[in-house]
Amino acid sequence: MEAVKKQIPKHRVEIFSNKANKYCICIPVINEGNRIIGQLTKIKNLELDQIVDIIICDGGSTDGSMEVERLKSLGVRTLLVKEDTGKLSAQLRMGYAYALEEGYEGILTIDGNGKDSVEDITKFVEALDQGWDLVQGSRYAPGGKAINTPKLRHFAVKLLHVPIVSAVARFKYTDTTNGYRAYSRRYLTDDRVQPFRKIFDTYELLAYLSVRAPQLGYNAKEVGVTRAYPDKGEIPTKISFLKGNSKLLKILWGLIIREYDPKV
């Protein structure tokens, strides 16, 4: 299968330090305010920036959270700022392409809204070291915790998203909407995967990469993580109830009909 030319959104690159680790963590954000600052502070305090390089994949924040000197002080290695169309998948294409060009052997991803347990970064690093190619974080796997998960979201994940993605992937997942995960370099660079295509624009890429790895025989596993929603107030998410969830249903159908597979 012939690889297509990488389709990467136009973006700005600001590098604050040299590559220091064999793995990096890409954090997609847009206007996350104190949530991303708190998350980066926790990573810094736990010295986890000593085992993974931090790459921020910004979708064009305007809330001041991407102030450069503060990012530097919190251990961020690189800030990528998208200057193009597209949402989450476009940000991830931008981040993953940069990470591979920089020679990283594995890439972690975590949402930048503070819901996920950064303490579990070590689990993903250990799994990559052991040779796993896709490591999916799960609040429902042994060692994981689901805290204050909205009931509708909980049932949508367990009764709809998990069964469909698991069936298409031919791998038994327990938490398929969780963006906390890791990939090996050999998986992302396989010509049968081709993640750098414009078809991945909103939330398609995470779902596609979840099913493609087991389909191709790559080693996949889940690790338990904590995902905590706030006790009260606004739920930190970019997925709207109607438009966002209808998009997720469309993506599930795309997985079923193998719309995202590279064309031979």
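Here the structure is shown first, and the text comes after it.
In short, a report on the structure. (Residues numbered from 1 in each chain as written. Predicted model: local features only at pLDDT ≥ 70, side-chain atom pairs only at ≥ 80, totals over all residues. Heavy atoms only, no water.)

## Some remarks on the packing of helix α5 (residues 151–169) against helix α7 (residues 204–215)
We count it as follows: In this analysis, axes come from line fits to C-alpha atoms, helices being fitted only over the stretch in contact, and the angle between any two N-to-C directions falls in the range 0 to 180 degrees. Elements are defined by DSSP. Helices are runs of H or I of four residues or more, strands are runs of E of two residues or more, and each kind is numbered from the N terminus. Pairs of residues are marked as contacts when any of their non-hydrogen atoms sit within 4.5 Å. Throughout this entry, Asp, Glu, Lys and Arg are counted as charged residues, while Ala, Val, Leu, Ile, Met, Phe, Trp, Tyr, Cys and Pro are counted as nonpolar. The remaining residues, Gly among them, count as polar.
The interhelical angle for the contact between α5 and α7, taken along N-to-C directions, is 35°, at an axis separation of 8 Å. Packed against α5, whose contacting residues are V165, V168 and A169, the element α7 presents S210, V211, P214 and Q215 at the interface. Here the residues of the contact of α5 with α7 sort into five nonpolar, two polar and no charged.

## Points about the state of the cysteines
Here a disulfide denotes a covalent bond joining the sulfur atom of one cysteine to the sulfur atom of another. For the record, the criterion: When the sulfur atoms of two cysteines come within 2.5 Å, that pair is taken as a disulfide. To sort residues, take the accessible area from a 1.4 Å probe on protein chains only and compare it with the maximum for the residue type: under 20% means buried, over 50% means exposed, and anything in between is partly exposed.
Summed over all chains, the structure comprises zero disulfides. Take C24: it sits in no disulfide, and the sulfur closest to it among the cysteines is that of C26, at 4.4 Å. With no disulfide of its own, C57 lies 4.2 Å from the sulfur of C26, the closest cysteine sulfur. By relative accessible area, which is 0% here, C57 ends up buried.

## What to know about the side chain of D49
The criterion, for reference: Polar contact is defined as a pair of N or O atoms within 3.5 Å, subject to the rule that within protein one atom must be able to donate a hydrogen and the other to accept it, and that residues adjacent in sequence are counted only when both atoms are side-chain atoms.
With respect to the helices and strands, the residue D49 is situated in the loop between α1 (34–45) and β3 (53–58). Among the polar contacts made by the side chain of D49, one reaches the side chain of K44 at a distance of 3.2 Å. Once you skip the residues sitting within four places of it in the chain, D49 turns out to touch N21, I43, K44, I54 and G75.

## Regarding the pairing of strand β8 (residues 181–184)
Worth spelling out the cut-off: DSSP calls a pair of strands paired once it identifies at least 2 bridges connecting them.
Neither face of β8 is open: one carries R181 and Y183, the other A182 and S184, and all of them are buried. Sheet topology note: the strand β5 (residues 106–109)/β8 ladder contains four bridges and is antiparallel. Of the residues in β8, the one forming a bridge with L108 is A182. Where strand β6 (residues 134–138) meets β8, three bridges bridge the pair, whose relative direction is antiparallel. Its bridge partner lying in β8, L134 is registered against Y183.

## A few points about the sheet that holds strand β9 (residues 220–224)
Reading across from one edge, β1-β4-β3-β2-β5-β8-β6-β9 is the order of the eight strands in this open sheet, with mixed pairing throughout. Two strands in the sheet have a free side with no partner beyond their single neighbour: β1 (11–15) and β9. Direction aside, the axes of adjacent strands within the sheet are offset by 20° on average. As defined by bridge partners, β3 adjoins strand β4 (residues 76–82) across five bridges and the pair is classed as parallel. Across the sheet, the residue bridging to I55 is T78, located in β4.

## Regarding the packing of aromatic side chains
The following threshold applies: Here a Phe, Tyr or Trp ring, Trp counted by its six-membered ring, pairs with any other such ring whose centre lies within 6.5 Å, and the pair is stacked when the planes are under 30 degrees apart, edge-to-face when over 60, and tilted otherwise. Geometrically, a charge over a ring is one whose NZ (Lys) or CZ (Arg) sits within 6 Å of the ring centre while staying within 35 degrees of the ring normal.
Within this structure, the stated rule accounts for seven aromatic pairs. Ring geometry for Y96 and Y183: centres 5.8 Å apart, planes at 70°, overall edge-to-face. Of this pair, Y96 sits in helix α3 (residues 88–101) while Y183 sits in strand β8, placing them 87 residues apart in sequence. Put simply, the rings of Y96, Y183, Y187 and Y218 touch in pairs and so form one group of aromatic residues. One residue, K6, lies across the ring of F196, its end atom 5.0 Å from the ring centre. When the ring centre of Y104 is taken as origin, the NZ or CZ atom of K19, which lies over that ring, is 5.0 Å away.

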